[in-house]
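The lines below spell out each chain.
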Amino acid sequence: MLVKFNLNPKFQPTWIAINTTKKTAKSERMADAIAHLVNDWQIQGFAAGKIKMISLYEITRFYTQNKHVVCEVGQQVYRIKSRIYELNEKLPPDTFIQISSSEIVSLASIDSLALTKTGSYQVNLTNGETTFTSRRYMQKLRKEFLK
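All of the points below concern the structure found in this document. (Residues numbered from 1 in each chain as written. Predicted model: local features only at pLDDT ≥ 70, side-chain atom pairs only at ≥ 80, totals over all residues. Heavy atoms only, no water.)

1. Observations concerning the pattern of salt bridges
Next, step 1: On inspection of all chains with the given rule, the structure shows four salt bridges.
Next, step 2: Residue Arg61 pairs with Glu72 through a salt bridge whose shortest N-O separation is 3.2 Å. You can see Arg61 sitting in strand 3 (residues 61-65) and its partner Glu72 sitting in strand 4 (residues 68-73), a full eleven residues away along the chain. One exposure class covers both Arg61 and Glu72, and it is buried.
Next, step 3: In this structure, Arg61 and Glu103 form a salt bridge, with 2.7 Å as the shortest nitrogen-oxygen distance. Of this pair, Arg61 sits in strand 3 while Glu103 sits in strand 7 (residues 103-106), and the two are 42 residues apart along the sequence. (Salt bridge = Lys/Arg side-chain N within 4 Å of Asp/Glu carboxyl O. Helix = DSSP H or I, 4+ residues; strand = E, 2+ residues; numbered from the N terminus. Buried < 20%, exposed > 50% of the residue type's maximum accessible area, 1.4 Å probe, protein only.)

Shown next, in the form of structure tokens:
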């Protein structure tokens, strides 16, 4: 599938168009998935005493930090109220993958994988961050990402 950006300052607000020869079940599912990803699923993030509604597509990863679950959006980190296991049950499996008991990563934000000396994977993210998968989740990551 070809993805193309048409940039124009007149496009306010931003919108998405699907160009196809005819409307099919596959194009309907794609439109539903895009709408769900962009509009439906949001999570409350807390930072500096303020609450922000964060869309699913903006999130790079969820992880634990100082006994709290946080989500990373670009360089900003927001504390959230959900637990990792709750997020793993709610998040769409074709968009996010759990790589350890304390971290869930967006598949779109994975830049590359590197095998370490210990046999686990180093996960390089598109924002320049590096994280590691635990042995328990290596098989799942290999199955999902290295298809």
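2. Some details on the nonpolar core
Next, step 1: Membership of the largest hydrophobic core comes to 17 residues, with the highest contact counts inside it found for Ile43, Ile59, Phe62, Cys71, Leu87 and Leu91.
Next, step 2: Only strand 1 (42-47), strand 4, strand 5 (76-80) and helix 2 (84-90) provide two or more residues apiece to this core.
Next, step 3: Here this core takes three residues from strand 4, the largest share from any one element.
Next, step 4: Leave out the neighbours within four places in its chain, and Cys71 touches Ile54, Ile59, Arg61, Phe62, Gln76, Val77, Tyr78 and Ile80.
Next, step 5: Counting ten residues, the second largest nonpolar core, distinct from the first, contains Leu107, Ile110, Val123 and Leu125. (Core = buried A, V, L, I, M, F, W, Y, C linked by side-chain atoms within 4.5 Å. Contact = heavy atoms within 4.5 Å.)

3. Quick notes on the pairing of strand 1
Next, step 1: Only one face of strand 1 is buried, namely the one carrying Ile43, Gly45 and Ala47, since none of Gln42, Gln44 and Phe46 on the opposite face is buried.
Next, step 2: Here strand 1 runs beside strand 2 (residues 50-55); their pairing, made up of six bridges, is antiparallel. Residue pairing in the sheet places Phe46 in a bridge with Ile51 of strand 2.
Next, step 3: Hairpin connection of strand 1 to strand 2: two residues between the antiparallel strands, including Ala48 at a positive phi of 55°. (Pairing = 2+ DSSP bridges.)

4. Digging into the environment of Ser101
Next, step 1: Here Ser101 is to be found in the loop between strand 6 (96-100) and strand 7.
Next, step 2: The spacing of Ser101 and Tyr85 is 16 residues in sequence and 8.1 Å in space, taken between C-alpha atoms.
Next, step 3: Residue contacts for Ser101: discarding those within four places in its chain leaves Ile84 and Tyr137.

5. Quick notes on the sheet that holds strand 9 (residues 121-125)
Two strands in a sheet stick together by hydrogen bonds in their backbones, pointing the same way (parallel) or opposite ways (antiparallel).
Next, step 1: The strand order across the open sheet built from three strands is 8-9-10, with neighbouring strands paired in antiparallel fashion. The strands lining the two open edges of the sheet, one partner per strand, are strand 8 (110-115) and strand 10 (130-132). When strand polarity is set aside, the average angle formed by the axes of neighbouring strands in this sheet is 25°. (Axes fitted to C-alpha atoms, helices over the stretch in contact; angles between N-to-C directions.)

6. Considerations on unusual backbone geometry
Next, step 1: You will see that Asn66, though not glycine, has its phi angle at about 55°, which is positive.
Next, step 2: With respect to the helices and strands, Asn66 occurs in the loop between strand 3 and strand 4.
Next, step 3: Not every positive phi belongs to a glycine, and Lys67 is a case in point at roughly 65°.
Next, step 4: On the secondary structure map, Lys67 appears in the loop between strand 3 and strand 4.

7. Concerning the side chain of Ser109
Next, step 1: Along the chain, the position of Ser109 falls in the loop between strand 7 and strand 8.
Next, step 2: Polar contacts involving the side chain of Ser109 include one to the main-chain carbonyl oxygen of Ser106, which spans 2.8 Å. (Polar contact = N/O pair within 3.5 Å; in protein donor to acceptor, adjacent residues only side chain to side chain.)

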